[in-house]
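Overview (structure and organization)
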Amino acid sequence: MKDMLHRGFIFSVLMGVFFLTCSQTTQEFEETVMIPTEEAPLSATYYKDEMRAFVIEISRYAKEKNPEFSIIPQNGIELVTLDGAEEGVLAVDYLNAIDGHGQESLWYGDPRDNSETGNSRTRYLLSYLEKSQAEGNAILVTDYCRTTNKITTSINNAKEKGFTHFVATERELNVIPTEAYDIPNENANDIVKLTDAKNHLFFLNYSAYPSKTALLGALQATNYDVLIIDVFFATEQQFTVEDITALKTKANGGKRKVIAYMSIGEAEDYRFYWDNNWDFEPPVWLSEENPDWPGNFKVKYWEQDWQNTIIYNQNSYLNLILSSQFDGVYLDIIDAFEFFED
């Protein structure tokens, strides 16, 4: 019995050293993330802490390779405070690790496209977004509406707040809407920092374009200050360094930022990393399918194998983005912590 207890003690010590060593591979942040045990169960902020740590590590890894690389989480704005409360203590390390916040449906699009987002919801989101803006981060708003007066109101609201703005006339993000309305604050300035931008295009669905050449031509013909696009034209057709370099110049000659979209809170079965065997033997980090977006699956984003897929593997998602010389990354499904909290 004493030998068994001794071996148990040694195992506990070794596991403690293992977890300590692992924790030293990421930046420290204000509130230490503790791995839950029977004696120390999940904290109320565990899933928020883990997402914050994930984003901070993406930032650390990318900025070591390119200090000018921009990190822009979309939604999940509650992460700007440590406990997620409107009046909570600021998550300073998180705010310092990022360069902007993307926010969907701030004024239009929640709960339906072309519908006004409720005033209480808008005020709630603004209370967090303005905290991030005050810390020097750019705010990129994407509203979903198509009626002329609503588009105008949305644009004017963003101008008043000093936010970078885009109105998507289609939820699928499959339209460059220059025919529906003029680009807000169109200019020929060089966009050196993300905060220099006055507008952006969020464009992910290329089904209307028969070839990568046709798509690149359409994007080059615009004067958006920031392009947020997918890393791939098609599943196996990644944008090259030459493609991205060409997109970094607006039609009017000014320089712009080209940002890559990457989902880190869901796995997508059409991505390069997907293994068809997962349909029968899913990895431990793969969770439920999103009923609103078939083919998208919630992930346990704190699991090391998923983080390796996103960050550390030689052909990780982030390394693919860096190799194509994008100016930054737009991180989606940051609000995945809500799914696990529920």
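Counting of residues starts from 1 at the beginning of each chain's written sequence and follows it residue by residue. This being a predicted model, a pLDDT of at least 70 is required before a residue's local features are given, and a value of 80 or more before pairs of side-chain atoms are given or counted; all residues contribute to the totals for chains, interfaces and linings. The basis for the side-chain values is all heavy atoms of the structure; hydrogens and waters are excluded.

Our next topic: the nonpolar core. Of all hydrophobic cores here, the largest spans 98 residues; its most connected members are Ile229, Ile264 and Tyr301. Elements are defined by DSSP. Helices are runs of H or I of four residues or more, strands are runs of E of two residues or more, and each kind is numbered from the N terminus. No other element matches helix α2 (residues 46–65), which puts nine residues into this core. Here, residues are in contact when the closest pair of their heavy atoms is within 4.5 Å. Ignoring anything within four residues of it in the chain, the contact list for Tyr301 reads Tyr47, Glu50, Met51, Phe54, Ile264, Trp306, Gln307, Ala336, Phe337 and Phe340. Residues enter a nonpolar core if they are buried and are Ala, Val, Leu, Ile, Met, Phe, Trp, Tyr or Cys, with the set joined through side-chain atoms within 4.5 Å. Using a 1.4 Å probe on the protein chains alone, a residue whose accessible area is under 20% of its type maximum counts as buried, one over 50% counts as exposed, and one in between counts as partly exposed.

On to the side chain of Asp230, then. Turning to its location among the elements, Asp230 is positioned in the loop between β6 (226–229) and β7 (232–234). In protein, a polar contact means a hydrogen-donor-capable atom and an acceptor-capable atom, both N or O and within 3.5 Å, with residues adjacent in sequence counting only if both atoms are side-chain atoms; elsewhere, any N or O pair within 3.5 Å suffices. A polar atom in the side chain of Asp230 sits 3.0 Å from the backbone nitrogen of Phe232. Look past the residues within four positions of Asp230 in its chain and what remains in contact with it is Phe203, Leu204, Tyr206, Phe239, Tyr261, Arg271 and Phe326.

A few words on the confidence of the model for the protein. The predictor reports its confidence for every residue as pLDDT, a score running from 0 up to 100. Per-chain confidence: the protein averages 90 in pLDDT, with 88% of residues scoring 70 or above. Predicted confidence is poor over residues 1–33, with pLDDT under 50, and the contacts of this stretch with residues over four places away or in other chains come to 25 contacts.

What follows deals with helix α8 (residues 304–312). One turn of the α-helix equals 3.6 residues, which is why residues spaced by three or four share an orientation. Three or more residues of α8 are buried, namely Trp306, Gln307, Asn308, Thr309, Ile310 and Ile311. Looking at the buried residues of α8, the elements they touch are α2, β9 (257–263), β10 (266–268), β12 (296–299) and α9 (317–323).

What follows concerns the packing of α2 against α8. Axis lines are fitted to C-alpha atoms, over the contacting stretch for helices. Their N-to-C directions set the angle, which ranges from 0 to 180 degrees. The N-to-C vectors of α2 and α8 enclose an angle of 30°; their axes lie 11 Å apart at closest approach. Between α2 and α8, the angle falls in the class roughly parallel. When you trace α2 past α8, the crossing you get is right-handed. Of α8, the residues touching α2 (which contributes Phe54, Glu57, Ile58, Arg60 and Tyr61) are Trp306, Gln307, Ile310, Ile311 and Tyr312. Residues are grouped as follows: nonpolar covers Ala, Val, Leu, Ile, Met, Phe, Trp, Tyr, Cys and Pro; charged covers Asp, Glu, Lys and Arg; every other residue, Gly included, is treated as polar. Classifying every residue of the contact of α2 with α8 gives seven nonpolar, one polar and two charged. Angles are sorted into four bins: roughly parallel if under 35 degrees, roughly antiparallel if over 145, roughly perpendicular if 65 to 115, and oblique for all others. Take the far helix as the reference: if the near one is turned anticlockwise from it by less than a right angle, the crossing is left-handed, and if turned clockwise, right-handed.

Classification of ring pairs rests on two measures: the distance between centres of Phe, Tyr or Trp rings, Trp counted by its six-membered ring, which must be within 6.5 Å, and the angle between planes, read as stacked under 30 degrees, edge-to-face over 60 and tilted in between. A complete count under the given rule lists 27 aromatic pairs for this structure. Here Tyr301 and Phe340 contribute two aromatic rings whose centre-to-centre distance is 6.0 Å and whose plane-to-plane angle is 75°, an arrangement assigned as edge-to-face. Here Tyr301 is found in the loop between β12 and α8, whereas its partner Phe340 is found in helix α10 (residues 336–341), with 39 residues between them in sequence. In this structure Tyr301 comes out as buried when scored by relative accessible area, which is 0%. Considering the side-chain rings of Trp302 and Phe340, the 5.0 Å spacing of their centres and the 80° angle between planes classify their relative orientation as edge-to-face. Taken together, the residues span a long stretch of sequence, with Trp302 in the loop between β12 and α8 and Phe340 in helix α10 at a distance of 38 residues. Two conditions define a charge sitting above a ring: the NZ of Lys or the CZ of Arg must be within 6 Å of the ring centre, and it must be within 35 degrees of the ring normal. Over the ring of Tyr128 we find Lys131; its NZ or CZ atom is 6.0 Å from the centre of that ring. Between Arg171 and the ring centre of Tyr144, over which it is positioned, the NZ or CZ distance is 3.7 Å.

Take the environment of Leu322 next. In this structure, Leu322 sits in helix α9. Judged by relative accessible area, which is 16%, Leu322 ranks as buried. When the C-alpha positions of Leu322 and Lys65 are compared, they lie 8.2 Å apart, and in sequence the two are 257 residues distant. When sequence neighbours within four positions are dropped, the list of residues in contact with Leu322 reads Tyr61, Ala62, Lys65 and Phe69.

Further remarks concern the sheet that holds strand β3 (residues 138–144). The strand order across the open sheet built from three strands is β2-β3-β4, with neighbouring strands paired in parallel fashion. Either end of the sheet is taken by a strand with one partner, and the two such strands are β2 (100–104) and β4 (164–168). Mean inter-strand twist for the sheet, computed between neighbouring axes without regard to direction, equals 15°. Note on pairing: two strands pair once DSSP finds at least 2 bridges between them. Here β2 pairs with β3 via five bridges, running parallel. Paired with Gly102 across the strands is Leu140, a residue of β3. On top of the sheet, helix α4 (residues 119–134) reaches β2 and β3; it is set at about 160° to β2, its chief contact. The strands that helix α5 (residues 148–161) touches are β3 and β4; relative to β4, the one it contacts most, it runs at about 165°.

As a general feature of sheets, a regular strand has side chains that alternate between the two faces. The buried fraction of β3 amounts to seven of the seven residues, a majority that puts the element mostly inside the structure. Going residue by residue along β3, you find Ala138, Leu140, Thr142 and Tyr144 tucked away on one face and Ile139, Val141 and Asp143 tucked away on the opposite face as well. Note that the unit made of β2, α4 and β3 has a crossover that is right-handed. Bridge analysis of β3 against β4 gives five bridges, and the strand direction is parallel. Among the inter-strand pairings, Thr142 is bridged to a residue of β4, identified as Phe166. Seen with its strands pointing away from the viewer, a crossover is right-handed if its path from the first strand over the helix to the second goes clockwise. For the segment spanning β3, α5 and β4, crossover handedness is right-handed.

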